[in-house]
Amino acid sequence: MNIHADVKTAVDPHKLEKLAEVAIQVGLQLQRNQDLVITAPLAAVPLVRLLTKHAYMAGAGIVTTFYSDEETTLARYAHAPDASFDKASGWLYDGMAKAYEGGAARLAIAGDNPMMLAGQDPAKVARANKANSMAYKPALEKISNFDINWNIISYPNPSWAKQVFPELSEEEAVRKLADAIFAASRVDLDDPVAAWKEHNANLKKRSSWLNSERFASLHFTGPGTDLTVGLADGHEWHGGASTAKNGITCNPNIPTEEVFTTPHALKVEGHVSSTKPLSHQGTLIDNIQVRFEGGRIVEARASKGEEVLNKVLDTDEGARRLGEVALVPHSSPISKSGILFYNTLFDENASCHIALGQCYSKCFLDGASLSQEQIKAQGGNSSLIHIDWMIGSDQVDIDGIRADGSKVPVMRKGEWA
Ligand code: ZN
Ligand code: ZN
């Protein structure tokens, strides 16, 4: 254990307990006798202990946690033989997949240092990521196909906090990031469970409107952006709480501000510029500019992390195509905080975004009963990766385009029209 006493006290224990409660009750709706698999950075031990307590209070079967640690990850890059970077702990992921098949829920705690691998050889990072993605696929599919109830929350890891607030002392940085996490996760309110109910109802109203419009495509315009995103045949918009195939209604992301659906993998045209830096597995990729032709990225540039970006795009055929498009108003609470979190869970909820790679099968009408072939035929993308990046700002307009070519304003200057 390596948690500095000052840092530990910088996190309000009462709000941390509320976060654990919200994660178990709202995020997962963990059921009696349901098992739970948690993944967490080592610094998040105080939160894991509270989650475990609330999980058992809710009647959990068995709770199992897997920890990751920055120093042990870096030890591999410093000392492991070259062949190590094509390996992954497949046996562990097979075990996780087996747990999910057996009905376990999954909870991930985000909060790794976003710049952890910044100084490492991009080729090794890419190889390690690819090996990991391939090994993780069977377990990840249970999550991306929404077979099980799952949830991601975050913990103010000191190395992450220092990245977000470099000018502050470690203790102050952790306190400030903790407060931002608690506010965005709505656990600083008197009744967080009721607040989430209301928030879910609002997101539902937005997704229902988009579903009733049945747009054929969305057209984004803004500085450096003129992009038409065709939507998949039979796409369905989602947001907030949704019901997994195991029948449990959960909130996969806490926080969440987005409504999102599946683009058509072959029908994306034009160019788009990112509006916030993307932290991807320890590397920062900034000022992304890409051009699409027939749904495929044919040109990609970035002012920072371009080599990593291009390696990511070469992961497989689907890595150059879109698997998600999501709408978030510029006035979302996370956006209003003005903080750049360098963490997708937060930054994607401050801005409209698109994701490269794997689509969500639940974002189709009757998605649970569609086969992989049907999803592909309707325009759903498949890939080992799913990487969200931010394309929204107060300068971006979005029109919905109907099948007959008529246009409906969806967002103006980053707000719902
Ligand atoms: Zn998203
Ligand atoms: Zn996404």
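Because the structure is predicted, anything quoted here is derived from the model rather than measured. (Residues numbered from 1 in each chain as written. Chains lettered and ligands numbered in written order. Predicted model: local features only at pLDDT ≥ 70, side-chain atom pairs only at ≥ 80, totals over all residues. Heavy atoms only, no water.)

Asker: Requested: an account of the coordination of the zinc ion (ligand 2), with residues and values cited.
Answerer: Coordination sphere of the zinc ion (ligand 2), protein contribution only: Glu324 (OE), His386 (NE2), Asp388 (OD) and Asp388 (OD), at 2.0 to 2.6 Å. Around the zinc ion (ligand 2) sit 4 donor atoms; with metal-centred angles ranging over 55 to 146°, the donor geometry is irregular. For the zinc ion (ligand 2), the single-chain donor residues occur in sequence as E-x61-H-x1-D. By relative accessible area, Asp388 is classed as buried at 8%. (Donors = N, O, S within 2.8 Å, 3.2 Å for Na, K, Ca; no water. Tetrahedral: all angles 85-135°; square planar, octahedral: opposite > 155°, others 65-115°. Buried < 20%, exposed > 50% of the residue type's maximum accessible area, 1.4 Å probe, protein only.)

Asker: Which residues make up the domain arrangement of the chain, and what values do they have?
Answerer: Examined at the domain level, the chain breaks down into domain 1 (5–184) and domain 2 (214–237 + 257–416). Computed over C-alpha atoms only, the centres of domain 1 and domain 2 are separated by 24 Å. Contacts between the two partners involve 31 residues from domain 1 and, on the opposite side, 24 residues from domain 2. Together domain 1 and domain 2 conceal approximately 2200 Å² of surface at their shared face, both sides included; 66% is due to carbon and sulfur atoms. (Domains from an automatic or database assignment. Contact = heavy atoms within 4.5 Å. Buried area = accessible area lost by both parts, 1.4 Å probe.)

Asker: Go over the sheet that holds strand S2 (residues 63–68) with me, naming the residues and quoting the values.
Answerer: The parallel open sheet is built from 4 strands, whose spatial order is S2-S1-S3-S4. Edge positions in the sheet fall to S2 and strand S4 (150–154), since each has one partner strand and no second. Taking the axes of each pair of neighbouring strands and ignoring which way they run, one obtains an average angle of 15° across the sheet. Two elements, strand S3 (residues 105–110) and S4, share 5 bridges in a ladder whose sense is parallel. (Pairing = 2+ DSSP bridges. Helix = DSSP H or I, 4+ residues; strand = E, 2+ residues; numbered from the N terminus. Axes fitted to C-alpha atoms, helices over the stretch in contact; angles between N-to-C directions.)

Asker: I'd love a proper account of helix H10 (residues 306–313), names of residues and values included.
Answerer: Turning to H10, its buried residues number three or more, namely Val308, Leu309, Val312 and Leu313. Take H10 and look down its axis: the buried residues cluster within an arc of 140°, on one side only. Contacts from the buried residues of H10 go to helix H6 (122–144), strand S12 (278–280), strand S13 (283–285), strand S15 (296–301), strand S17 (353–357) and strand S18 (386–390). (Arc of directions from axis to C-beta.)

Asker: Could you give me a rundown of the nonpolar core, with the residues and numbers involved?
Answerer: One finds Leu36, Leu47, Leu51, Leu107, Ile109 and Ile153 to be the most contacted residues of the largest nonpolar core, which totals 49 residues. The set of elements that each furnish at least two residues to this core consists of helix H2 (13–28), strand S1 (36–41), helix H3 (45–57), S3, helix H7 (158–164), helix H8 (170–184) and helix H12 (344–347). Two domains each put at least three residues into this core: domain 1 (5–184) and domain 2 (214–237 + 257–416). Aside from chain neighbours lying at most four places away, what touches Leu51 is Ala20, Ala23, Ile24, Ile38, Leu107, Ile109 and Ile153. (Core = buried A, V, L, I, M, F, W, Y, C linked by side-chain atoms within 4.5 Å.)

Asker: For the state of the cysteines, give the residues involved together with the corresponding values.
Answerer: The full count for this structure, using the stated rule, is 0 disulfides. Not part of a disulfide, Cys359 finds its nearest cysteine sulfur in Cys363, a span of 8.0 Å. (Disulfide = S-S within 2.5 Å.)

Asker: An account of the sheet that holds strand S5 (residues 217–222) is requested, with residue identities and associated values reported.
Answerer: Sheet architecture is open: 8 strands sit in the order S15-S14-S11-S6-S5-S19-S20-S21, paired in antiparallel fashion. Every interior strand has two partners, whereas the edge strands, S15 and strand S21 (415–416), have only one. Across 4 bridges, strand S19 (residues 397–401) lies against strand S20 (residues 407–412) in antiparallel orientation. Bridge pairing in S20 places Asp399 opposite Pro409.

Asker: I'd love a proper account of the coordination of the zinc ion (ligand 1), names of residues and values included.
Answerer: Distances from the zinc ion (ligand 1) to its protein donors, Glu258 (OE), Glu324 (OE), Glu348 (OE) and His353 (NE2), fall at 2.0 to 2.6 Å. Considering all 4 donor atoms around the zinc ion (ligand 1), the spread of angles at the metal, 74 to 144°, places the coordination shape in the irregular class. Positions of the donor residues of the zinc ion (ligand 1), expressed as sequence spacing, correspond to E-x65-E-x23-E-x4-H.

Asker: Can you break down the pattern of salt bridges residue by residue, with the values?
Answerer: Summed over all chains, the structure comprises 18 salt bridges. The partner of Arg291 in a salt bridge is Glu293, with the nearest N and O atoms 2.8 Å apart. You can call Glu293 partly exposed: its relative accessible area is 44%. In this structure, Arg320 engages Asp314 in a salt bridge whose closest nitrogen and oxygen atoms are separated by 2.9 Å. Looking at Asp314, the relative accessible area reads 52%, which means it is exposed. One network of salt bridges, in which partners are shared, links Arg291, Glu293, Glu299 and Arg301. (Salt bridge = Lys/Arg side-chain N within 4 Å of Asp/Glu carboxyl O.)

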